[in-house]
Amino acid sequence: MTTLGVLMMAYGTPRNLDEVEPYYTDIRRGRKPSPAELADLIRRYEAIGGVSPLHDITERQARAVEQALNARGDATFRVYLGMKHTEPRIAEAVAGMRRDGIDRAIAVVLAPHYSAMSVETYHKQAREAALDGGPMLHCVNEWHLEPRFLDALAARVEEALRQCHRPEEAMVIFTAHSLPARILEMGDPYVDQLRESGEAVAQRLGLVHYTFGWQSAGRTQEPWLGPDLLATLESLRAEGYREVVVCAQGFVADHLEVLYDIDIEAKHRAEELGIRLVRTRQMNDDPDFVRAVADVIEGAKRDAGW
Ligand code: FEC
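Residues numbered from 1 in each chain as written. Predicted model: local features only at pLDDT ≥ 70, side-chain atom pairs only at ≥ 80, totals over all residues. Heavy atoms only, no water.

**Description of the overall build of the protein**
Assigned secondary structure in the protein consists of 11 helices and eight strands. Principal axes of the C-alpha set define a box for the protein whose edges measure 60 × 45 × 40 Å. Of all 306 residues assigned to the protein, the portion counted as buried reaches 53%. Within the protein, residue pairs in contact and separated by at least 24 positions form 79% of the contacts whose partners lie at least 6 positions apart. The protein carries 36 positive and 48 negative side-chain charges, and their two centres are separated by 1 Å. (Helix = DSSP H or I, 4+ residues; strand = E, 2+ residues; numbered from the N terminus. Buried < 20%, exposed > 50% of the residue type's maximum accessible area, 1.4 Å probe, protein only. Contact = heavy atoms within 4.5 Å. Lys, Arg positive; Asp, Glu negative; His and termini not counted. Charge placed at Lys NZ, Arg CZ, Asp CG, Glu CD.)

Structure below.
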């Protein structure tokens with residue numbers, strides 16, 4: 001049986017506080033942050049314990065998905081991990097496949113919803129790295145409607161609602177990373193896809209009270225998609241809501257944007273407003289999520305005719 005490569009791509013995170021500056025510079029495409037911007041980001045990492053757990057979680061996700069795929073027995077898969085902003089880089093993962101004689105690979109990003117400003121930037125790096133000698137890549141653009149992913153989201157929302165005093169009166173807010181508002185003029189599918197997965201979860205659970213919110217907008221001059229989660233909390237309070245469930249459906253792991261932006265910043269604002277905020281459990285390397293990603297990869301293999 002020949003081995004099929006899986007290029008699993010994720011955001012990456014600094015492994016210690018000294019790595020925050022080069023990381024931030026990379027995110028800003030080579031522009032160094034100002035001392036104040038850097039200090040603010042370091043402060044946020046310190047608030048979650050100094051480092052983000054994202055790197056460990058991503059590695060566990062990759063190992064678990066490889067095991068799950070190979071346990072199915074239809075083909076042999078080898079997963080290579082490539083990060084957008086830290087080591088091991090996407091290009092290194094592609095070079096590793098070449099060295100190991102892998103000639104075909106499924107490329108998948110650990111982010112379910114497609115945008116030209118997110119998922120496409122990973123694929124671009126992967127395609128450029130593969131130009132020089134392969135492997136041949138089959139890129140998965142989106143997988144936000146993968147049934148087992150929706151089931152996993154629904155199970156987590158249901159679990160969070162059970163922690164509410166009055167679940168039937170709580171508002172569920174589906175959040176995702178904001179992006180510059182100019183994606184709307186570009187005809188980008190990101191916003192629609194977030195609605196689709198949120199609606200699908202709401203339908204599975206028969207939710208009456210649910211809405212959408214944006215989080216973690218970048219600190220740049222241009223307008224970003226809104227309303228921000230903090231503003232959403234304020235309007236919900238004005239409408240009389242006292243309990244909310246925040247489901248960060250655009251992220252699949254615990255990391256800074258969840259552990260700081262929701263667990264510290266949004267919870268603090270909610271408390272000030274007299275709202276109880278319950279966050280849904282992230283996917284991490286939970287078996288139900290691992291199965292969902294394995295399904296995505298098997299589906300892509302079929303689509304590619306491999
Ligand atoms: O735990 C960690 O250390 C890393 C968490 C992390 C994840 C993540 C995911 C996404 N981002 C997306 C878009 C942008 C855009 C900009 C931007 C900026 C930052 C900064 C940090 C950061 N992001 Fe991120 N993002 C994570 C962390 N992100 C830190 C810089 C400081 C700040 O603004 O807070 C703006 C770039 C610019 O300035 O030009 C745009 C999107 C995702 C979700 C999809 C994915 O995972 O790729 C979209 C995790």
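Once you've had a look at it, read on.
**Remarks on the site of the ligand**
Around the ligand, the structure places 26 residues, and the nearest of them are Y11, T13, Y45, S52 and Y122. Within the contact set of the ligand, an oxygen atom lies 3.1 Å away from a side-chain nitrogen or oxygen of R44. Contacts to the ligand include S52, whose side-chain N or O atom sits 2.6 Å from an oxygen atom. Partitioning the shell around the ligand into residue classes produces 13 nonpolar, eight polar and five charged. (Near = heavy atom within 4 Å. Polar contact = N/O pair within 3.5 Å; in protein donor to acceptor, adjacent residues only side chain to side chain. Nonpolar A, V, L, I, M, F, W, Y, C, P; charged D, E, K, R; others polar.)

**Comments concerning the UniProt feature "binding site: Fe-coproporphyrin III" (unreviewed entry) in the protein**
Here the UniProt feature "binding site: Fe-coproporphyrin III" (unreviewed entry) sits at Y11, R28, R44, Y45, S52 and Y122. Spanning 112 residues, the named residues are also spread out in space, since their farthest C-alpha pair is 25.3 Å apart. Within the element layout of this structure, Y11 appears in the loop between β1 (3-10) and α1 (20-27). Ignoring any residue separated from it by four or fewer positions in sequence, one finds Y11 in contact with Y23, I27, L54, M83, K84, H85, T86 and Y122. Counting through the fold element by element, R28 comes out in the loop between α1 and α2 (35-47). Once residues within four sequence positions are removed from consideration, R28 is found in contact with P33 and E37. (UniProt positions renumbered as here; feature names shortened; annotations may be inferred.)

**A short note on the UniProt feature "binding site: Fe(2+)" (unreviewed entry) in the protein**
Per the UniProt annotation, the sites labelled "binding site: Fe(2+)" (unreviewed entry) are H177 and E257. Judged by maximum C-alpha separation, these annotated positions cover 81 residues in sequence but sit close together in space, the widest gap being only 8.3 Å. Accessibility expressed as a relative area gives 21% for H177, which makes it partly exposed. Sequence-distant contacts of H177, defined by excluding residues within four places in its chain, comprise Y190, W214, Q215, S216, W224, F251 and E257. One can find E257 in helix α9 (residues 256-259). In this structure the side chain of E257 is engaged in a polar contact, spanning 3.4 Å, whose partner is the side chain of H177.

**Description of unusual backbone geometry**
Comment: phi is negative for the bulk of residues other than glycine, and the bulk of peptide bonds are trans. Going from G134 to P135, the amide bond is cis rather than trans, its omega being 5 degrees. Along the chain, P135 falls in the loop between α5 (119-130) and β4 (136-139). P227 follows G226 through a cis peptide bond whose omega is 5 degrees. Of note, P227 is situated in the loop between β6 (210-215) and α8 (229-238). Its identity is not glycine, yet R29 carries a phi of approximately 50 degrees, on the positive side. Within the chain, S216 stands out as a residue other than glycine whose phi angle is a positive 60 degrees. Here S216 lies in the loop between β6 and α8. With relative accessibility at 12%, the residue S216 sits in the buried group.

**Looking at the domain arrangement of the protein**
Along its sequence, the protein is organised into domain 1 (3-143 + 285-304) and domain 2 (147-279). Here domain 1 and domain 2 share an interface that buries about 2400 Å² over both sides, 63% of which is from carbon and sulfur atoms. Ranking the residues of domain 1 by area buried against domain 2 places R44, H113 and M117 at the top, with a combined share of 28%. Summed over the shared surface of domain 1 and domain 2, the number is four salt bridges. Joining domain 1 to domain 2, the criterion identifies 11 residue pairs in polar contact (both at pLDDT 80 or more). (Domains from an automatic or database assignment. Buried area = accessible area lost by both parts, 1.4 Å probe. Salt bridge = Lys/Arg side-chain N within 4 Å of Asp/Glu carboxyl O.)

**Observations concerning the sheet that holds strand β7 (residues 243-247)**
The parallel open sheet is built from four strands, whose spatial order is β6-β5-β7-β8. Since the sheet does not close on itself, it has two edges, and those belong to β6 and β8 (276-279), each with one partner. On average, adjacent strands in this sheet sit at an angle of 30 degrees to one another, irrespective of strand direction. Sheet topology places β7 next to β8; four bridges connect them, and they run parallel. Bridged to V244 within β8 is L277. Along the sheet, α8 contacts β5 (171-177), β6, β7 and β8; its crossing angle with β5, the most-contacted strand, is approximately 165 degrees. (Pairing = 2+ DSSP bridges. Axes fitted to C-alpha atoms, helices over the stretch in contact; angles between N-to-C directions.)

**Topic: the nonpolar core**
M8, W143, V157, F174 and I297 are the most contacted members of the largest nonpolar core, which totals 49 residues. Inspection of this core shows a minimum of three residues originating in each of domain 1 (3-143 + 285-304) and domain 2 (147-279). If we ignore the near neighbours within four places in the chain, the residues touching F174 are V157, G198, V201, L207, Y210, T211, F212, G213, C247 and Q249. (Core = buried A, V, L, I, M, F, W, Y, C linked by side-chain atoms within 4.5 Å.)

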